[in-house]
Every structure is written in structure tokens, then in C-alpha cells.
Amino acid sequence: NAGVTQTPKFQVLKTGQSMTLQCAQDMNHEYMSWYRQDPGMGLRLIHYSVGAGITDQGEVPNGYNVSRSTTEDFPLRLLSAAPSQTSVYFCASSGAQETQYFGPGTRLLVL
Amino acid sequence: SQKIEQNSEALNIQEGKTATLTCNYTNYSPAYLQWYRQDPGRGPVFLLLIRENEKEKRKERLKVTFDTTLKQSLFHITASQPADSATYLCALNDYKLSFGAGTTVTVRA
């Protein structure tokens, strides 16, 4: 199993550009989530999904959209990138055991 | 929502000693608490989960305690090794999983 995969690994955007961060998991997990990690602030939940077709907002959802059309995929869309969205983004999935499995992360720089 | 505080951002210890990390939380007690390890440039990796009705849990050289009265969890790395150098995150469930900022442990040979 590949676990949780994320693409791209690194991205540079200009302010106002849009992009989609991809996340996929092959563990048949129902629960998937997106976090951002900034120095000294820990992981903050952006959006999460408890199954295909069901998404909800986390702690810091503004400026981000998600959708969940399949169990495997959970893309995160930045609508109009801002410098404040410079961060490292992690996707995670979990099954019934509550343990979260994280992807390798996407490092985003917004100029 | 929960506020989670992990003691000091960095902990430096000598190889062979025990590292003790603290995770304090406010508000109501969660049903369970988890500890993760994160290496530079990588995603967090799950280490241990302890439930509210469990006082202590062990895994190899790792030990976690959970005191719902003090609203605190302690994470111990015994007989520490340089390979244990990493950032350790505690996480607990609210309506979602909330993470502390982490404590970076450096083990000197």
C-alpha cells in the first residue's frame, strides 16, 4: 500500500493564482482531513470529510475549498492564493481506530 | 475548543537518559489522547493512543500517562538514543483532532 500520497511536493504561486493540492489514500479510510502547519502553531485543521460526498469546515477554512467525490481522493483548492497561505499542507486519513495517517506534505510558497 | 500546551519547544538530553514531555489541555477531557512523532520535512507518524480510562500505556521504550484530573499527559522516552531526535506532538479529540505545537527533542551522543 502506498498509504497517503500528496502532490505536488512543492509549489510556488503568485498572489491571486488558484491551484489544487491533491491527496489520495489506498487504505479505504472514510475519514480524511487537511491540515496546515506553521512554525510554533502546530497543525491546524482546514477541512475534513467523514465519507464520500460529505465535507465540513475545520478551524481555518477561509480561502480553501474541498470536495470528496470518491473514498480515495480529497483535493484541496486554493481559490485565490494569498501570502498568508504560505505553509506546509498535510493530508491525513483514518479508519475506525482514530489513528491518523499523514501524507508527506506539500510546501507552498505564495509570493 | 480545546487549548493544548506542550512544554518547552525544545528539550536537549544526553543519550541514555529519559526524556519527559508534557501535554496539558483545557476544557473537558477528551475520550482519548494520541502522541505522534514528526521528523524534519515529513508528515507526523502515530506512536501511541491512550484512552480516558487508561492510566498508562507502553510501547517498547515509550510510556504515556493520562491524568484526567490534572488534564495532563506525560510522554516518556526511556534509554534515549540519537535516533529518537524528532518533534513530538500530542493530539486529542474535540469534535475534531486538535494538535499541540510540539516539543523538539535532541538526544546528544
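Residues numbered from 1 in each chain as written. Chains lettered and ligands numbered in written order. Predicted model: local features only at pLDDT ≥ 70, side-chain atom pairs only at ≥ 80, totals over all residues. Heavy atoms only, no water.

A.B. asks: What is the right way to look at a nonpolar patch on the surface in this model?
C.D. replies: A cluster of nonpolar side chains, contributed by Phe10(A), Val12(A), Leu109(A) and Leu111(A), occupies part of the molecular surface with about 360 Å² of accessible area. By secondary structure assignment, the location of Phe10(A) is in strand β2 (residues 10-13). (Patch = residues over 30% accessible without salt bridge, like charges linked within 9 Å, V, L, I, M, F, W, Y side chains within 5 Å. Areas by Shrake-Rupley, 256 points an atom, 1.4 Å probe, with all protein chains shown as cover. Salt bridge = Lys/Arg side-chain N within 4 Å of Asp/Glu carboxyl O. Helix = DSSP H or I, 4+ residues; strand = E, 2+ residues; numbered from the N terminus.)

A.B. asks: What am I meant to see in the layout of surface pockets here?
C.D. replies: In this approach, a probe sized like a water molecule rolls over the atoms, and the result shows the empty space that is left. Counted as a void, the largest pocket has a volume near 380 Å³. If you trace the largest pocket, you find 22 residues lining it, with Gln37(A), Pro39(A), Gln38(B), Thr87(B) and Ala101(B) closest to the centre. Elements that contribute at least two residues to the lining of the largest pocket include exactly β4 (31-38) and β9 (87-94) of chain A together with β9 (86-93) and β11 (103-108) of chain B. Top element by residues in the lining of the largest pocket is β9(B). It accounts for 3 residues. Here the residues of the lining of the largest pocket sort into 8 nonpolar, 9 polar and 5 charged. (1 Å grid on protein atoms, 1.4 Å probe; cavity = no way out; pocket = protein on both sides within 12 Å on 5 of 7 lines; lining within 4 Å. Points joined across faces, edges and corners; volume = space filled by probe spheres on them. Nonpolar A, V, L, I, M, F, W, Y, C, P; charged D, E, K, R; others polar.)

A.B. asks: Would you mind going over the state of the cysteines with me for this structure?
C.D. replies: Between two cysteines, a covalent bond joining their sulfur atoms is known as a disulfide. Residues and elements named next belong to chain B. According to the stated counting rule, one finds 2 disulfides over all chains in the structure shown. Bridging Cys23 to Cys90, the disulfide has an S-S length of 2.0 Å. In this structure the cystine formed by Cys23 and Cys90 twists about its S-S bond by roughly 65°; its chirality is therefore right-handed. Of the two residues, Cys23 is situated in strand β3 (residues 19-25) and Cys90 in strand β9; the sequence distance between them amounts to 67 residues. The class of Cys90 is buried, set by a relative accessible area of 0%. (Disulfide = S-S within 2.5 Å. Buried < 20%, exposed > 50% of the residue type's maximum accessible area, 1.4 Å probe, protein only.)

A.B. asks: Just checking my understanding: could you explain the sheet that holds strand β6 (residues 56-59) of chain B for this structure?
C.D. replies: Strands belonging to one sheet form pairs held by backbone hydrogen bonds; the direction of such a pair is parallel or antiparallel. All names here are of chain B. The 5 strands lie next to each other as β1-β3-β8-β7-β6, forming an open sheet whose pairing is antiparallel. Edge positions in the sheet fall to β1 (4-6) and β6, since each has one partner strand and no second. Pairs of neighbouring strands in the sheet enclose a mean axial angle of 15°, with direction left out of account. Sheet analysis places β6 next to strand β7 (residues 62-67), joined by 4 bridges and oriented antiparallel. Across the sheet, Glu56 pairs through a bridge with Thr65, a residue of β7. (Pairing = 2+ DSSP bridges. Axes fitted to C-alpha atoms, helices over the stretch in contact; angles between N-to-C directions.)

A.B. asks: I would appreciate a short explanation of the pairing of strand β6 (residues 54-57) of chain A in the present structure.
C.D. replies: Moving residue by residue along a regular strand, the side chains alternate between the two faces of the sheet. Residues and elements named next belong to chain A. When strand β5 (residues 42-51) meets β6, the two strands line up antiparallel, connected through 4 bridges. Bridge pairing in β6 links Tyr48 to Asp56. Hairpin remark: β5 followed by β6, antiparallel, with 2 residues in the connecting loop; positive phi at Gly53, about 85°.

A.B. asks: How should I be thinking about the side chain of Ser80(B) in this particular structure?
C.D. replies: Residues and elements named next belong to chain B. Inspection of the secondary structure assignment puts Ser80 in the loop between β8 (72-77) and β9. Engagement of the side chain of Ser80 in a polar contact is seen with the backbone oxygen of Gln14, the distance being 3.4 Å. A polar atom in the side chain of Ser80 sits 2.7 Å from the backbone oxygen of Lys17. Residues in contact with Ser80, not counting those within four places in the same chain, are Ile13, Gln14, Glu15, Gly16, Lys17, Arg61 and Val107. (Polar contact = N/O pair within 3.5 Å; in protein donor to acceptor, adjacent residues only side chain to side chain. Contact = heavy atoms within 4.5 Å.)

A.B. asks: Hey, could you run me through the nonpolar core in this one?
C.D. replies: Soluble globular proteins: nonpolar side chains tend toward being buried together. Formed by 22 residues in total, the largest nonpolar core has its most connected members in Leu21(B), Leu33(B), Trp35(B), Phe75(B) and Tyr88(B). When residues of this core are traced back to their parent elements, those giving at least two are β3, β4 (32-38), β5 (45-51), β7, β8, β9 and β11 of chain B. Not counting chain neighbours up to four residues away, the residues in contact with Leu33(B) comprise Cys23(B), Tyr25(B), Leu48(B), Leu49(B), Ile50(B), Phe66(B), Ser73(B), Cys90(B), Ala91(B) and Leu92(B). Within the second largest apolar cluster, 19 residues are counted, among which are Met32(A), Trp34(A), Val60(A) and Leu76(A). (Core = buried A, V, L, I, M, F, W, Y, C linked by side-chain atoms within 4.5 Å.)

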